[in-house]
Amino acid sequence: MTGTAQAEPLWPGGPDIPGIPAIIQPPPPAPVYAPCTAAKVRACMRLSTKEVWLMEDGRTVFGPKPIEIGRPGYESHVGVFDVDFKRRDFWSTMHNAPMEYAVFFDGDIATHIGPLDSMSHGCIRMNPDAAEATFNHLEPGDIVEVVE
């Protein structure tokens, strides 16, 4: 019979023993940088790549996550905005549609849950986890920056 030889570990207590740290640690993940530069920005959205980041004290704490933007004739606006108000369950009478986790920052324009496969009427649509995180992260008066 032939058996598989079991070699002794090169270093006892090495990386394969629970509770004992590995001798060689992997490098920490690279920081994620959002493209916004406004002072005290709390949410950053880039229209050209359809991405959103949430910020805290100048550093990214969430994202990038995919977004959908306004279609031709209803383009999402570039600029620096204050959050006006937010509603967990909002109903758009203009479009006769739900806007869950809505955060209004540019008049009637908001971030909210919505499909990412078709353009909006100006709102920033997000998948459910990004919309909920944005809703929980932002408060009225917080700064939202939208860049091209």
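Residues numbered from 1 in each chain as written. Predicted model: local features only at pLDDT ≥ 70, side-chain atom pairs only at ≥ 80, totals over all residues. Heavy atoms only, no water.

Chemist: If you had to explain the pairing of strand β5 (residues 85-92) to someone new, which residues and values would you point to?
Modeler: Looking along a regular strand, one sees side chains alternate from face to face of the sheet. In this sheet, strand β6 (residues 97-106) lies alongside β5 in antiparallel orientation, the contact comprising seven bridges. Residue pairing for β6: F85 is matched across the bridge by F104. In textbook terms, the turn of a hairpin is the stretch between consecutive antiparallel strands, and for β5 and β6 this stretch comprises four residues, one of which, N96, has a positive phi near 50°. (Pairing = 2+ DSSP bridges. Helix = DSSP H or I, 4+ residues; strand = E, 2+ residues; numbered from the N terminus.)

Chemist: Go over the environment of P31 with me, naming the residues and quoting the values.
Modeler: As for its position among the elements, P31 is in the segment before β1 (41-46). By relative accessible area, P31 is classed as exposed at 54%. Remark: the alpha-carbon pair of P31 and V61, spanning 30 residues in sequence, is separated by 9.7 Å. (Buried < 20%, exposed > 50% of the residue type's maximum accessible area, 1.4 Å probe, protein only.)

Chemist: Account for the UniProt feature "active site" (unreviewed entry) in the protein chain, with residues named and values stated.
Modeler: The sites that UniProt annotates as "active site" (unreviewed entry) are H112 and C123. Inspection of the secondary structure puts H112 in strand β7 (residues 109-113). Accessibility expressed as a relative area gives 7% for H112, which makes it buried. Sequence-distant contacts of H112, defined by excluding residues within four places in its chain, comprise M99, E100, Y101, A102, C123, I124, R125, M126 and A131. The residue C123 is located in the loop between β7 and β8 (124-126) in this model. Since its relative accessible area comes to 11%, C123 is described here as buried. Apart from residues lying up to four places away in sequence, C123 is in contact with E68, I69, G70, S76, M99, D108, I109, A110 and H112. (UniProt positions renumbered as here; feature names shortened; annotations may be inferred. Contact = heavy atoms within 4.5 Å.)

Chemist: Would you mind going over unusual backbone geometry in detail, with residue names and values included?
Modeler: In this structure, the amide linkage connecting G63 to the following residue, P64, adopts the cis form with an omega of 10°. Along the chain, P64 turns up in strand β3 (residues 59-68). Even without glycine at this site, D57 takes up a positive phi of about 55°. Within the element layout of this structure, D57 appears in the loop between β2 (51-56) and β3. Classification of D57 as exposed rests on a relative accessible area of 74%. Not every positive phi belongs to a glycine, and Y101 is a case in point at roughly 55°.

Chemist: Talk me through the sheet that holds β7; I want residue IDs and the actual numbers.
Modeler: Taken together, nine strands build an open sheet; the order of strands is β4-β9-β1-β2-β3-β8-β7-β6-β5 and the sheet is mixed. Each edge of the sheet is formed by a strand with only one pairing partner; in this case those strands are β4 (79-82) and β5. Averaged over neighbouring strand pairs, the angle between their axes works out to 30° when direction is ignored. As paired elements, β2 and β3 share five bridges and run antiparallel to each other. Bridge pairing in β3 places E56 opposite R59. (Axes fitted to C-alpha atoms, helices over the stretch in contact; angles between N-to-C directions.)

Chemist: I'd like a description of the environment of H121, backed by residues and values.
Modeler: Relative to the elements of secondary structure, H121 occurs in the loop between β7 and β8. Here H121 falls in the partly exposed class, since its relative accessible area comes to 34%. Considered as a pair, H121 and Y74 are 47 residues apart in the sequence and their alpha carbons are 5.0 Å apart. Those residues in contact with H121 that sit more than four places away from it in its chain are R71, Y74, H95 and I109.

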